[in-house]
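Descriptive analysis of the structure
If you want the building blocks of each chain, they are given just below.
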Amino acid sequence: MLSRSCFDLLNLDPIVDFRAVSRIPRVMKSPEFISDFENADQTQEQGRRIIVSNHLPIRAFRDKDTNKWSFEYDHDSLVLQLKDGGGFAADVEVLYVGCLNGAEIDPCDQDGVALVLLHEFHCVPCFLPTETLNKFYHGFCKHYLWPLFHYMLPMTPSHGARFDRALWQAYVSANKAFADRIMEVLNPDVDYVWIHDYHLMVLPTFLRKRYYRVKLGFFLHSPFPSSEIYRTIPVREEILRALLNCDLIGFHIFDYARHFLSCCSRMLGLHYEFKRGYMGLEYYGRIVSIKMMPVGIHMGQLQRVLALDDTAEKVKMLKEKYEGKVVILGVDDLDLFKGISLKFLAMKQLLEEHQRLRGKVVLVQITNPARSGGKDVQEVLNETSTIAKEINEKYGQPEYQPVAMINGPLSTQDKAAYYTISECCLINAVRDGMNLVPYRYTVCRQGSSVLDKVLATSDEAADAKKSVIIVSEFIGCSPSLSGAIRVNPWNIDAVSDAMNSAITMSEEEKHFRHDKHYKYISSHDVGYWARSFDQDLVRACREHYTRRCWGIGLGLGFRVVALGFNFRKLSVDHIAHAYRNTSSRLILLDYDGTMTPQASVDKAPSSEVISVLNRLCSDPKNFVFIVSGRGKDSLSKWFSQCEKLGLSAEHGYFTRWSKDSAWETCSLTMDYSWKKIVLPIMESYTEATDGSFIEEKDSALVWHHQDADPHFGSSQAKELLDHLESVLVNEPVVVKRGQHIVEVKPLGVSKGIVVEELIATMRNKVRSPDFLLCIGDDRSDEDMFKSIMYPESSPSMPAIAEVFACTVGQKPSMAKYYLDDTVDVIKLLEGLASASAQLKSRPQHEESFEVFI
């Protein structure tokens, strides 16, 4: 068996100078076969973690005199803190893939820079052309996706950037470039790839297309908008399907995950399930796990800063500067979603309503530089500066400015000093993914032994162990800060009142709130977050080698189908041999979703369906049945042209062997008094759920919600299921949820029992079938598959030589075979009908069909 690295070597020239090529060769530390074969065993080697983000955790500097580049780690980078913060074991190798932030490397220098970064910093740089980078990052990411994910729709050209196909193409091209760089260093059998944030949402598709079993995780650091917002994106399905090519998708909080799942439900018809505490989506046989875990901070790094003497000196200087003042601190990026102007308006109202606070309260606002330029950034700066100037002119005094604006960037050390001396931290963003400022503030207020010595001179060492946080309810860290004062940033009155509450709060309450926050933040740091995500990613990838995988779909619609090794597509050629060599055949066909599409408005069978059924029924060796949950009146009407077709209605409650035979009822003694309980309940849900309706059958009641709102209809179906199960606990009925339905039917009636009864009748009146074909598409058909595939569950079932259980659609099933859709079903049946026609010239064993009439 040749490894992929072997193929790489075969493609190399006899003498290769790696310094002259842009491709970074894969380096393998031990002999390892990298196999694409289906039955390859999963290696026991410790896999590397390949961390992919838009920017590498690197700062680049260019010497003006020598024109040479030098590099250093950016220790404030989150992706670097994954390893440094204890997220991975010490022996796990980590590679970083991304762009160099703010550094334009000449093409002639790129190979040399790439080698330096790989060998010295474990980084693989992705060099994008300047035009592509601008369109990708500053265009599509920052001016289209980022505002939209923060709930700002471009209603007018002056109010945000609208979708631009050229920018989208640049986004896809950049993601493809990232994929190419990852493939150069990836060992797909053992390595794990962890992709970060919205810049790289279609990257999973490129990787999955190249390696079907690649181990992929993705974490979104921004909010995921509600479906009403997300559905405005013209390429919405491409992005969703790309994310679903991951094994694990992470979000900060459940709200973001819920919005993502709602989009999957509304646009792709996918539904999530909980299993043993984990949430997952079934997607073409693969389980895509969903994780909610807010990121933490690097405790060790911040504590080291707090232990520095320089930090203590800065704290001492700030304490002297703001002596006798109550400092409220805000630290925000300069963008329109951080609510800085709303914060200033609340400060203005606070001073207007509480004269005693004038001259005593200072709002210190540190603004980090904007991550991307634009008109909106300048407007935010102008607005905040105007409001701050107005407040300072109105309420300022000699040596007192109510609002102190500090334009960054500030070092971590400087920020830590401001955190330490602030009585209150105010985070007023109107929308933000996570925001770790309150976490850093809390740790700094906890202090250090060095800071305690400085603060002890003013008897305030104890004060450093108290803190108050005012946080917007629209940011990701809000749910985890249970002791914070949560506010609606748009409500200026509420924010002003919260500021006053923070100032007047008792020392005991401040200590209680601080202690509560510190215990959570110190135990849920960045290392805890990374370990948790990594463990779930490993768990999500465990079954990669227990299934066969193949790809379907073009472009960004590509996905991998993962099914059991014994599960394969049923072809006419495969079944025809058994069909020709048997003489007593039973063919069982579901109707909705099998013979006619689920989405079809006209549910009556087409002329093509009628024709192929009549051709099959004309073969005296065949007994053909439609086994459906529909009522007998509908089936009788629709198949009136099929003289010899058998029908089993209402999941087998009614059965007839041909058009001229009478309907037989199942032998169970029935009491339908339960309908008087069920019908009023279903009627109340129908009234409350627009688009739903009730189907009344002789033996069952069915509540349909396929025309209702997908999310609300599904929610109501679950509620109805629970409601009915609780009130019918002592009734001889079963309540089942199917595809867009909730059905109540008598206990002991199922398609599985129908199969057993039909086979028993054939065995008693003619002979046992030696050929059995069963095709269905939903949960009720799994009962049929179970009966014929696992006859040991029913001792009365005879052995059948040739059994073909086939589900419609590539999905997990008890069936051994599948067909893609109803078109494939009809083609298969037509192939069998043609085989029957070819056999007509041969002598036939004419077991009389009339015996059942």
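Keep in mind that what you see is a predicted model, and the values were worked out from it rather than measured. (Residues numbered from 1 in each chain as written. Predicted model: local features only at pLDDT ≥ 70, side-chain atom pairs only at ≥ 80, totals over all residues. Heavy atoms only, no water.)

Right, let's talk about the pattern of salt bridges for a bit. Throughout the structure, instances matching the rule amount to 38 salt bridges. Its salt-bridge partner being R62, residue D106 comes within 3.6 Å of it at the nearest N-O pair. Of the two residues, D106 sits in the loop between β4 (94-99) and α3 (107-121) while R62 sits in strand β2 (residues 58-62), which places them 44 residues apart along the sequence. A single salt-bridge network, built from bridges that share partners, covers R59, E72, D74 and D76. (Salt bridge = Lys/Arg side-chain N within 4 Å of Asp/Glu carboxyl O. Helix = DSSP H or I, 4+ residues; strand = E, 2+ residues; numbered from the N terminus.)

Quick look at a nonpolar patch on the surface now. Taken together, F254, Y272 and F274 make up a surface patch of nonpolar side chains, about 310 Å² in accessible area. Among the secondary structure elements, F274 is positioned in strand β9 (residues 272-275). (Patch = residues over 30% accessible without salt bridge, like charges linked within 9 Å, V, L, I, M, F, W, Y side chains within 5 Å. Areas by Shrake-Rupley, 256 points an atom, 1.4 Å probe, with all protein chains shown as cover.)

Attention now moves to the sheet that holds strand β26 (residues 693-696). Taken in spatial order, the 4 strands make up an open sheet running β26-β27-β29-β28, and their pairing is antiparallel. Since the sheet does not close on itself, it has two edges, and those belong to β26 and β28 (733-738), each with one partner. Neighbouring strand axes in the sheet, compared pairwise and without regard to direction, differ in orientation by 15° on average. Both β26 and strand β27 (residues 701-704) contribute to a ladder of 4 bridges, which runs antiparallel. Paired with E696 across the strands is L701, a residue of β27. In this fold helix α23 (residues 675-688) packs onto β26, β27 and β29 (741-746), with an angle of close to 10° to the strand it touches most, β27. (Pairing = 2+ DSSP bridges. Axes fitted to C-alpha atoms, helices over the stretch in contact; angles between N-to-C directions. Contact = heavy atoms within 4.5 Å.)

Taking 1.5 Å per residue, 14 residues should reach 20 Å; helix α12 (residues 340-353) reaches 20 Å between its end C-alpha atoms and fits that length. Within α12, burial applies to I340, S341, L342, K343, F344, A346, M347, K348, Q349, L350 and L351. Where α12 is buried, its residues contact β12 (326-333), β13 (361-368), α13 (375-395), β14 (403-407), β15 (424-427) and α17 (492-504). (Expected span 1.5 Å × (residues − 1). Buried < 20%, exposed > 50% of the residue type's maximum accessible area, 1.4 Å probe, protein only.)

What follows is about the pairing of β13. In terms of burial, β13 is largely enclosed, as 8 of its 8 residues are buried. Judged by which residues are buried, β13 turns out to be covered on both faces: V361, L363, Q365 and T367 on one side and V362, V364, I366 and N368 on the other are all buried. As judged from the 8 bridges shared by β12 and β13, these two strands associate in the parallel manner. Residue pairing for β13: G330 is matched across the bridge by Q365. Tracing the backbone out of β12, into α12 and back to the parallel element β13 gives a crossover that is right-handed. Sheet topology places β13 next to β14; 5 bridges connect them, and they run parallel. In the sheet register, L363 faces β14, and the bridge partner there is V403. Between the parallel elements β13 and β14, the chain passes through α13 in a crossover that is right-handed. (Right-handed = clockwise from strand over helix to strand, strands pointing away.)

We now examine the environment of D592. When you line up the elements, D592 lands in the loop between β21 (585-589) and α21 (607-617). Counting along the chain gives 55 residues from D592 to L537, while the straight-line C-alpha distance between them is 38 Å. Those residues within four positions of D592 in sequence are excluded, and the remaining contacts are Q598, K603, S628, R630 and D777. There is a polar contact of 2.7 Å between the side chain of D592 and the side chain of R630. (Polar contact = N/O pair within 3.5 Å; in protein donor to acceptor, adjacent residues only side chain to side chain.)

Looking now at the side chain of R585. Its place among the elements puts R585 in strand β21. Classification of R585 by relative accessible area gives buried; the value is 0%. A polar contact of 2.8 Å, which involves the side chain of R585, links it to the backbone oxygen of Y579.

Glancing now at the packing of aromatic side chains. Two aromatic rings are characterised by how far apart their centres lie and by the angle between their planes. What the rule picks out here adds up to 36 aromatic pairs. Measuring from ring centre to ring centre gives 4.9 Å for F140 and Y171, while their planes differ by 50°; the resulting arrangement is tilted. Placement of the pair is F140 in helix α4 (residues 130-149) and Y171 in helix α5 (residues 165-185), with a sequence separation of 31 residues. Of the two residues, F140 and Y171, neither departs from the other in class, the shared state being buried. Summarising the aromatic geometry, the rings of Y591 and W638 are spaced 5.5 Å apart at their centres and angled 35° between planes, so their arrangement reads as tilted. Of this pair, Y591 sits in the loop between β21 and α21 while W638 sits in helix α22 (residues 632-638), placing them 47 residues apart in sequence. (Phe/Tyr/Trp six-rings, centres within 6.5 Å; stacked < 30°, edge-to-face > 60°.)

A separate point is the packing of helix α10 (residues 299-306) against helix α14 (residues 412-421). At their nearest, the axes of α10 and α14 sit 10 Å apart, and the two run at 80° to each other. With respect to their mutual orientation, α10 and α14 come out roughly perpendicular. Contact residues: L302, V305 and L306 in α10; T412, Q413, A416 and T420 in α14. Residues belonging to the contact of α10 with α14 are distributed by class as follows: 4 nonpolar, 3 polar and no charged. (Parallel < 35°, antiparallel > 145°, perpendicular 65-115°, else oblique. Nonpolar A, V, L, I, M, F, W, Y, C, P; charged D, E, K, R; others polar.)

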